[in-house]
Amino acid sequence: MKWFISHETIKSPFLKTLERDCAEKISHCYQCGKCSAGCPISYKMDYLPNQIIRMVQLGMEEQVLSSKMIWFCTSCLTCTSRCPREIDIAEIMDYLRRRAYRKQMTPLAETEVPLFNKIFLRNIESNGRLYEFGLIGMFNLLSGELFKDVSLAPRMFLKRKIGLLPHRVNNLSEVKEIFRKSGKLGKAKRDRLLHPKLIFLNLSRKLIERIENLK
Amino acid sequence: MKYAYYPGCSLHSTAKEYDISTKAVANALGIELLEIPEWICCGATPAHITMHLLSLALPVKNLIKAQEMGSYEVVTCCAACFSRLKIANQIMCKDEEHREKVEKIVGHPYKGGVKVRHFLDVLVNVFGLKNLKDHVSKQLTGLKVACYYGCLLTRPPEVTGLDDLEEPHLMDDLMSTIGAEPVQWPYKTECCGASFSLTKTDIVLKLSADILQMASDEGAQAIVVACPLCQSNLDLRQPMINKKYKKNFNIPVLYFTQLVGLSLGIDRNKLGLDKHIVNPLPLFEKVPV
């Protein structure tokens, strides 16, 4: 992999903004690679965790935010707990994901995770507690994989592990208030489920893939 | 012993047996668990990926509710809830800037006064293994188990402060106490894929297959877990793993509370053993319980 890094990129405020917002000293990283060695998903990633950190140090905001890697992090915290420079790498991944989503830089192939997150939070906002059946149904519908895991459903119902109806809490207005205020204070957009453009593009991508498979 | 009990969403749906068995064990040992009235979801992983403040405000709201019950310690069984509640609590203790914002959101002052514990911690460190041993009526002799801790029970160590980071032993000690034989295996704290269960199922299948393979290589007859998400990934997805990787795994994945319950002589039907996908009952035909 070769990049030409311009003077402006290195001088960009990306690193400083990130260090201020996360209160993490990313410039302390000396590239030992322990995070990547322990990462359970490193086999799937386009860049390894230590590479992402280096790219952040070099101010390569565009490449970092549009990478697939940040959406592969499971938040297992192995990197965070092993880092010899005490950098909370998992927290940085969270930050990068939030930023990538806000700037609409999520790569098309990685829309599932933000879509799931939005549906999950909307689900809690309207019920107070998680309503699994609604979550799975909505996610399958909007991600275009309608029959995913359907084979598991009968057993789940028979064993009464999943209910058809939500369990709402009584003080829903309180929950809604928390969502509203945190959105306002954190300056996070939460009005839309997911950029409709992104859902549409993702669904068409899957349809085209399916047609190509048929050929 | 009285605790405020925060079950979390999973324990009311996909992990009902965890909830049932926890209550049964607590009841038998005289530990009183008072469910926090009108508790709400802690936000889990989606909240801290999407909105940082929300991921603090939701757990804090629950902690405030617990405080209003009369300043009990909060006990939770889900490893993810445990992690979220603990992290939020610590930030409220130490980080003034965030505390101010979160207090504004939940509309109530909170300085991190409530202590959060995992039920495993309560059983081993508060109730005590010696004490427990006196209550054990049926030793699970001859049952080889692999204790699987997963990610969030031990990580990050400065927040959870529960056990050794790379080589935890709380559950192993507990299993030895009730007569089972914990196997030594290296995958105690590997990740099962956790929240990718619905979004990136192929990753979950691979990571869980690795864990099942290692457990079966070490001769474990069952895997013992303390997290509802680990359980559902390893148990519910086991048939899919077998199909995808052409394996023949048939390893029951049990909650530690179920095994402790069995050793205390609690009736099998009251521990939710019928709710697993991989049937654990043949296991206990070999081991007299």
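None of these values were measured; they are calculated from a predicted model.

About the thresholds
- Residues numbered from 1 in each chain as written.
- Chains lettered and ligands numbered in written order.
- Predicted model: local features only at pLDDT ≥ 70, side-chain atom pairs only at ≥ 80, totals over all residues.
- Heavy atoms only, no water.
- Helix = DSSP H or I, 4+ residues; strand = E, 2+ residues; numbered from the N terminus.
- Rg over C-alpha atoms; globule rule 2.2 N^0.38 Å.
- Buried < 20%, exposed > 50% of the residue type's maximum accessible area, 1.4 Å probe, protein only.
- Contact = heavy atoms within 4.5 Å.
- Areas by Shrake-Rupley, 256 points an atom, 1.4 Å probe, with all protein chains shown as cover.
- Core = buried A, V, L, I, M, F, W, Y, C linked by side-chain atoms within 4.5 Å.
- Pairing = 2+ DSSP bridges.
- Right-handed = clockwise from strand over helix to strand, strands pointing away.
- Axes fitted to C-alpha atoms, helices over the stretch in contact; angles between N-to-C directions.

Q: How do you make sense of the overall build of chain B when you look at a structure like this?
A: Along chain B, the regular secondary structure elements total 13 helices and eight strands. In terms of overall size, chain B behaves like a compact globule, its C-alpha atoms giving a radius of gyration of 19 Å where 289 residues would be expected to give roughly 19 Å. Looking at chain B residue by residue over its 289 residues, the buried ones come to 65%. Partitioning the contacts of chain B with sequence separation of at least 6, the portion at a separation of at least 24 is 76%. Surface summary for chain B: the accessible area is close to 10000 Å², and the carbon and sulfur share equals 48%.

Q: Help me understand the nonpolar core, please; the structure alone is not making it clear to me.
A: When a protein is soluble and globular, its nonpolar side chains tend to lie buried together. Counting 126 residues, the largest nonpolar core has Phe119, Met175, Ile223, Phe256 and Leu259 of chain B as its most contacted members. Top contributing element to this core by residue count: helix H3 (residues 52-68) of chain B, with nine residues. One finds Phe14, Met45, Tyr47 and Leu96 of chain A within the second-largest nonpolar core, a separate group that totals 37 residues.

Q: Got a minute to help me understand the pairing of strand S2 (residues 32-35) of chain B in this structure?
A: It is a general feature of regular strands that their side chains alternate between the two faces of the sheet. All names here are of chain B. As paired elements, strand S1 (residues 2-6) and S2 share four bridges and run parallel to each other. Bridging from a neighbouring strand, Lys2 pairs with Glu32 of S2. The β-α-β motif built from S1, the intervening helix H1 (residues 16-29) and the parallel element S2 has right-handed crossover chirality.

Q: Where do I start with unusual backbone geometry in this structure?
A: For residues besides glycine, phi is generally negative; the peptide bonds are generally trans as well. In this structure, Pro156 of chain B follows Arg155 of chain B across a cis peptide bond, with omega equal to -10 degrees. Relative to the helices and strands, Pro156 of chain B resides in the loop between strand S5 (144-148) and helix H7 (157-160). In this model, Gln104 of chain A sits at a positive phi of 55 degrees, which is unusual for a non-glycine residue. Mapped onto the fold, Gln104 of chain A is located in the loop between helix H7 (89-102) and helix H8 (112-127). For Gln104 of chain A, a relative accessible area of 45% gives the class partly exposed. For Ala194 of chain B, which is not glycine, the phi dihedral falls at a positive 40 degrees. Along the chain, Ala194 of chain B turns up in the loop between strand S6 (181-182) and helix H9 (201-217).

Q: Please explain the sheet that holds strand S8 (residues 253-255) of chain B as it appears in this structure.
A: What links the strands of a sheet is backbone hydrogen bonding, and the strands pair in either a parallel or an antiparallel sense. Residue and element names in this part refer to chain B. A sheet is described by the order of its strands in space; here four strands give the open sequence S6-S5-S7-S8, paired in parallel fashion. The sheet is open, and its two edges are formed by S6 and S8, each paired on a single side. As defined by bridge partners, strand S7 (residues 222-225) adjoins S8 across three bridges and the pair is classed as parallel. Following the sheet pairing, Ile223 is matched in S8 by Val253. On the sheet, helix H10 (residues 228-236) packs against S5, S7 and S8 and is oriented at approximately 160 degrees with respect to S8. Along the sheet, helix H12 (residues 256-263) makes contact with S5, S7 and S8, crossing S8 at roughly 70 degrees.

Q: Hey, could you run me through the pairing of strand S3 (residues 73-76) of chain B in this one?
A: Residue and element names in this part refer to chain B. Pairing geometry for S1 and S3, over four bridges, is parallel. Paired with Tyr6 across the strands is Thr76, a residue of S3. Note that S3 and strand S4 (residues 116-118) share three bridges and pair parallel. Looking at S4, one finds that Val74 is bridged to Val116.

Q: What is the right way to look at the sheet that holds S3 of chain B in this model?
A: Residue and element names in this part refer to chain B. An order of S2-S1-S3-S4 is seen for the four strands of this open sheet, with the pairing classed as parallel. Looking at which strands have only one partner, the edges of the open sheet turn out to be S2 and S4. For this sheet, the mean inter-axis angle between neighbouring strands, taken without regard to orientation, is 40 degrees. Helix H6 (residues 119-135) rests against S1, S2, S3 and S4 of the sheet, and its axis sits at about 85 degrees to S4.

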